[in-house]
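Inside the fold
Listed below are the residues making up each chain.
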Amino acid sequence: MVMAMAVLTALALAACGEDEGASPTATASGATKAEFVAAANRICAKASARLESAGRSFFAPAPSGEVPTEREFVEERVVPILGGQLIDGIAALQAPPGDEATVAAIVDAGRRGLAALRSDPESIKAEPGSAGDPLREFGDLGRAYGLRCSDG
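Residues numbered from 1 in each chain as written. Predicted model: local features only at pLDDT ≥ 70, side-chain atom pairs only at ≥ 80, totals over all residues. Heavy atoms only, no water.

Here the focus is the overall build of the protein chain. Broken down by element type, the protein chain carries 5 helices and 0 strands. The order of α-helices and β-strands along the protein chain, N terminus first, is α-α-α-α-α. Out of the 152 residues belonging to the protein chain, those deemed buried represent 43%. Of the contacts formed within the protein chain by residues at least 6 apart in sequence, a portion of 73% connects residues at least 24 apart. (Helix = DSSP H or I, 4+ residues; strand = E, 2+ residues; numbered from the N terminus. Buried < 20%, exposed > 50% of the residue type's maximum accessible area, 1.4 Å probe, protein only. Contact = heavy atoms within 4.5 Å.)

The following block contains the structure:
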């Protein structure tokens, strides 16, 4: 359980920046890269907070003494947050003109990473950014674009 919480904290920090600004909203047509990045980083910050909270509550000692597995945690908590909030949230933003392919590549890498995590929930234990990290490509591409969704 301690290992799972440490991995969760690392995943949350790797997945997201620390900007707790306004709620995420879709950027307007013609948005600048700076506006897109700011909106995406707000989405990342909210997903990070949700991941941390999910880990604390999910791995809290149960009255029955049962300890949840990584598979249960990934399926019940991580996938909905990373997929439904983080990756889909970024995908819903209007990419800056001329950067559509770059943003699509970031989102596609996130979806591939999420699929890999679903198929191998134990990979959640991989060091963020390592060869075993299923979200490594998402992080690398996001970081190159200026997102803090992958600092680690």
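Applying the stated rule across the entire model yields 1 aromatic pair. When the centroid spacing of 5.9 Å and the interplanar angle of 80° are considered together, the rings of F36 and Y145 count as edge-to-face. One end of the pair, F36, is in helix α2 (residues 33-58); the other, Y145, is in helix α5 (residues 136-145), and 109 residues separate them in sequence. For the residue pair F36 and Y145, the accessibility class agrees, reading buried in each case. (Phe/Tyr/Trp six-rings, centres within 6.5 Å; stacked < 30°, edge-to-face > 60°.)

Glancing now at the environment of A109. Checked against the element boundaries, A109 lands in helix α4 (residues 100-119). A relative accessible area of 2% means that A109 is categorised as buried. C-alpha of A109 to C-alpha of L135: the two residues are 26 residues apart in sequence and 7.5 Å apart in space. Residues contacting A109, with those up to four places away along its chain left out, are E137, F138 and L141.

Counted under the stated rule, the structure contains 7 salt bridges. Measuring nitrogen to oxygen at the nearest pair gives 3.8 Å for the salt bridge that ties E70 to K125. Of the two residues, E70 is situated in helix α3 (residues 70-92) and K125 in the loop between α4 and α5; the sequence distance between them amounts to 55 residues. For K125, a relative accessible area of 34% puts it in the partly exposed group. Residue R111 is joined to D88 by a salt bridge in which the shortest nitrogen-to-oxygen separation is 3.3 Å. In this pair, R111 sits in helix α4 while D88 sits in helix α3, placing the two residues 23 residues apart along the sequence. If you follow the salt bridges from partner to partner, you end up with E70, E122 and K125 in one network. (Salt bridge = Lys/Arg side-chain N within 4 Å of Asp/Glu carboxyl O.)

The subject of this paragraph is the packing of α2 against α3. Running from amino to carboxyl end, α2 crosses α3 at an angle of 170°, the nearest separation of the two axes being 9 Å. What the angle tells us is that α2 and α3 run roughly antiparallel. Residues F36, A40, I43, C44, K46, A47, R50, L51, A54, G55, S57 and F58 of α2 form the contact with α3, whose own contacting residues are E72, F73, E76, R77, V78, I81, L82, Q85, L86, G89 and I90. Of the residues contributing to the contact of α2 with α3, the split by class is 14 nonpolar, 4 polar and 5 charged. (Axes fitted to C-alpha atoms, helices over the stretch in contact; angles between N-to-C directions. Parallel < 35°, antiparallel > 145°, perpendicular 65-115°, else oblique. Nonpolar A, V, L, I, M, F, W, Y, C, P; charged D, E, K, R; others polar.)

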